[in-house]
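# Breakdown of the fold
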Amino acid sequence: MGAPLAGRLSRAGHRLTVWSRTKAHAEALADRATVAASPAAAAASAEVAITMLSDGGALEEVVFGRDGLAEGLAPGNLLIDMSTTGPAPARKVAKALQAKRVDFVDAPVAGSAGPAAEGTLAIMVGGEPEAVARARPLLAVLGDPERTWHLGPVGAGQAAKLMVNVVLGGVMAAVAEGFVLGRVLGLRAPDALDVLQRASEGGGLATRKREKLESGDYAEASFRLTLMHKDLRLAVEAARAARASLPVAERVAELFAGAKGRDLADLDYSAVAAYVASMAPLMEQQ
C-alpha cells in the first residue's frame, strides 16, 4: 500500500522522504522520493509523517525503536497512522507523542492497492479536531473525501476499521462456504459463481473474487490472508476487552487461523476457500 500512496502524494506535488522495513520497497520509490536510512532520518525534514504498517507492534517499533520516528519528529509535527492496529496501540502512541507536542491521527483505510493508486480509498479517522483538520488535505489526495469520516478521538478510526473487517471477513467466509457447498452438491464452478454473484448478499465480493475462486489461483493478493486473520483477532480481542462477545467473528477468525496453518497466509484472503475445500473431499470429484 505504501507505494501507491507515495505515488499519489508525489503527483500532487508533495516532496517525499521514504523509509521501509523492507529496503527494496523504499528503493523502488527512489525516482520520486528521497530514500532515508532510518525512520528518524525520514522524519527529520518532514512536517507530516505517514505510517502504513502491519500491526501495533510494528507501529511502536518504527515510532519508538532505535532511530525511530519519535527521534526525528519535532514539536508541531503531525503523524498520520494508516495502519490497522486496533484502538489501544493508537492511543498508546498518541499519548506518548504528546510529550513531544506531536499531533497524532489514526486513519486506517478500506480498500486495496488498486483504490490506493486511484485515490478512492475509504478512510476512517480518529483524532483531535485540529489535528484532523491538518490531515484532511493529505487524506483528500489519498482517499475519497466523501468516504472519509472523522469519527471521534484517537482510536475511533481503528474501531471503525475493525468493524468493517469483521463484516468483510465474515462475508468472505460465507461466500467461500457457499461456493464449496454448491460444488460438493454437484454444481459446476461457473454456475455456482453466477448464482452467488446475482442472487446472494455476497454478490459484490463473489464478483471481485470470481477469477480466484474459479481458478483456485490466489497468489496475487489484494489483501493477504494473514492480515485478515490479524484484523479479526484484533476485533475479537477488542470486544473481549470491552466485555462484549463476537461469536460469529470468533468462529471466522478460527477459520482464517486454520487457513494460515495450511501455508495460505501470504495468499489473497479469498484463499480461505481453498481451506474450506480441503475439508470437502468430494470437491476433487466435481
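Everything discussed here concerns the structure shown above.
Residues numbered from 1 in each chain as written. Predicted model: local features only at pLDDT ≥ 70, side-chain atom pairs only at ≥ 80, totals over all residues. Heavy atoms only, no water.

## Remarks on the overall build of the chain
Which entries qualify depends on this criterion: Note on conventions: DSSP H or I runs of at least 4 residues are helices, E runs of at least 2 residues are strands, and numbering of each starts at the N terminus. Computation of the radius of gyration draws on C-alpha atoms alone. For the globule rule, the value is 2.2 Å times the number of residues to the power 0.38. For each residue, the accessible area found with a 1.4 Å probe, counting protein chains only, is set against the maximum for its type, and the residue is called buried under 20%, exposed over 50%, and partly exposed in between. Each accessible area value is a Shrake-Rupley result obtained with a 1.4 Å probe; residue values ignore everything except the protein chains displayed when judging cover.
Assigned secondary structure in the chain consists of 15 helices and 8 strands. Here the C-alpha radius of gyration of the chain, 20 Å, is about what a compact globule of 286 residues would show, namely 19 Å. For the chain, the spread of C-alpha atoms along the three principal axes comes to 65 × 45 × 35 Å. Among the 286 residues that make up the chain, the fraction classed as buried is 47%. Only carbon and sulfur atoms are counted for the fraction: they give 53% of the accessible area of the chain, which is about 14100 Å².

## Let's talk about the environment of Ala206
As a reminder of what qualifies: Here a residue-residue contact requires only that any non-hydrogen atoms of the pair lie within 4.5 Å.
Topologically, Ala206 is positioned in helix 11 (residues 203-208). Taking the relative accessible area as the measure of exposure, Ala206 reaches 0% and is therefore buried. Here the alpha-carbon distance between Ala206 and Asp194, two residues 12 residues apart in the chain, equals 8.8 Å. Apart from residues no more than four positions distant in its own chain, Ala206 is found in contact with Val175, Leu196 and Gln197.

## A closer look at unusual backbone geometry
Despite not being glycine, Arg101 shows a phi value in the positive range, around 55°. Position of Arg101 relative to the elements: it lies in the loop between helix 6 (87-98) and strand 5 (103-106). Owing to a relative accessible area of 60%, Arg101 belongs among the exposed residues under this scheme. Even without glycine at this site, Arg243 takes up a positive phi of about 60°. Its location among the elements puts Arg243 in the loop between helix 13 (225-241) and helix 14 (247-264).

## Thoughts on the packing of helix 9 (residues 156-184) against helix 13
The following threshold applies: Every angle, taken between N-to-C directions, lies between 0 and 180 degrees, and every axis is a line fitted to C-alpha atoms, over only the stretch in contact when it is a helix. Angles are sorted into four bins: roughly parallel if under 35 degrees, roughly antiparallel if over 145, roughly perpendicular if 65 to 115, and oblique for all others. When the near helix sits turned anticlockwise from the far one by under a right angle, the crossing is termed left-handed; a clockwise turn instead gives a right-handed crossing. Classification convention: Asp, Glu, Lys, Arg as charged; Ala, Val, Leu, Ile, Met, Phe, Trp, Tyr, Cys, Pro as nonpolar; all other residues, Gly among them, as polar.
Look at helix 9 against helix 13: their axes get within 9 Å of each other, and the N-to-C directions meet at 120°. By the angle class used here, helix 9 and helix 13 are oblique. Between helix 9 and helix 13 lies a crossing of left-handed hand. Contacts between helix 9 and helix 13 involve Lys161, Leu162, Asn165, Val166, Leu168 and Gly169 from the first element and Met228, Asp231, Leu232, Leu234, Ala235 and Ala238 from the second. The residue inventory of the contact of helix 9 with helix 13, partitioned by class, reads 8 nonpolar, 2 polar and 2 charged.

## Some thoughts on the packing of aromatic side chains
For clarity, the cut-off: Ring pairs shown here join Phe, Tyr and Trp side chains whose ring centres sit within 6.5 Å, with only the six-membered ring taken for Trp; geometry is labelled stacked below 30 degrees between planes, edge-to-face above 60, and tilted in between.
Throughout the structure, instances matching the rule amount to 1 aromatic pair. Considering the side-chain rings of Phe223 and Tyr269, the 5.9 Å spacing of their centres and the 70° angle between planes classify their relative orientation as edge-to-face. Here Phe223, found in the loop between helix 12 (210-215) and helix 13, pairs with Tyr269, found in the loop between helix 14 and helix 15 (272-278); they are 46 residues apart in sequence, far enough to count as distant. Exposure remark for Tyr269: the relative accessible area of 4% places this residue in the buried category.

## Examining the side chain of Asp81
Note the following rule: In this count, Lys and Arg are taken as positive residues and Asp and Glu as negative ones, while His and the chain termini are left out. Basic side-chain nitrogens of Lys or Arg form a salt bridge, by our definition, when they fall within 4 Å of a carboxyl oxygen of Asp or Glu. For the purposes of these results, a polar contact is taken to be a pair of N or O atoms within 3.5 Å, where, inside protein, one atom must be able to donate a hydrogen and its partner to accept one; residues adjacent in sequence count only when each atom of the pair is a side-chain atom.
Its location among the elements puts Asp81 in strand 4 (residues 78-81). Of the side chains with opposite charge, Lys230 lies nearest to the buried Asp81, which makes no salt bridge, at 9.2 Å. Separated by 2.6 Å, the side chains of Asp81 and Ser83 make a polar contact. Setting aside residues no more than four positions away along its own chain, Asp81 makes contact with Thr51, Leu59, Phe104, Val105, Asp106, Ala107, Pro108 and Gln158.

## Some thoughts on the pattern of salt bridges
Tallied over the full model, the rule gives 14 salt bridges. A salt bridge links Lys23 to Glu27; its shortest N-O distance comes to 3.9 Å. Here the residue Lys23 and the residue Glu27 both occupy positions in helix 2 (residues 23-27), the gap between them amounting to 4 residues, near one helical turn. Overall, Lys23 belongs to the exposed group, its relative accessible area being 61%. Among the salt bridges present, the one from Glu60 reaches Lys92, with a minimum N-O distance of 3.1 Å. Placement of the pair is Glu60 in helix 4 (residues 56-64) and Lys92 in helix 6, with a sequence separation of 32 residues. Looking at Glu60, the relative accessible area reads 24%, which means it is partly exposed. In this structure, a network of salt bridges that share partners links the residues Asp194, Arg210 and Glu214.

## Let's talk about the pairing of strand 3 (residues 48-51)
Definition in use: We treat two strands as partners when DSSP finds at least two bridges between them.
Judged by which residues are buried, strand 3 turns out to be one-sided: Ala49 and Thr51 face inward and are buried, whereas Val48 and Ile50, on the alternate face, are not. Pairing of strand 3 with strand 4, which is carried by 4 bridges, proceeds in the parallel orientation. Counterpart to Thr51 in the pairing with strand 4 is Asp81.

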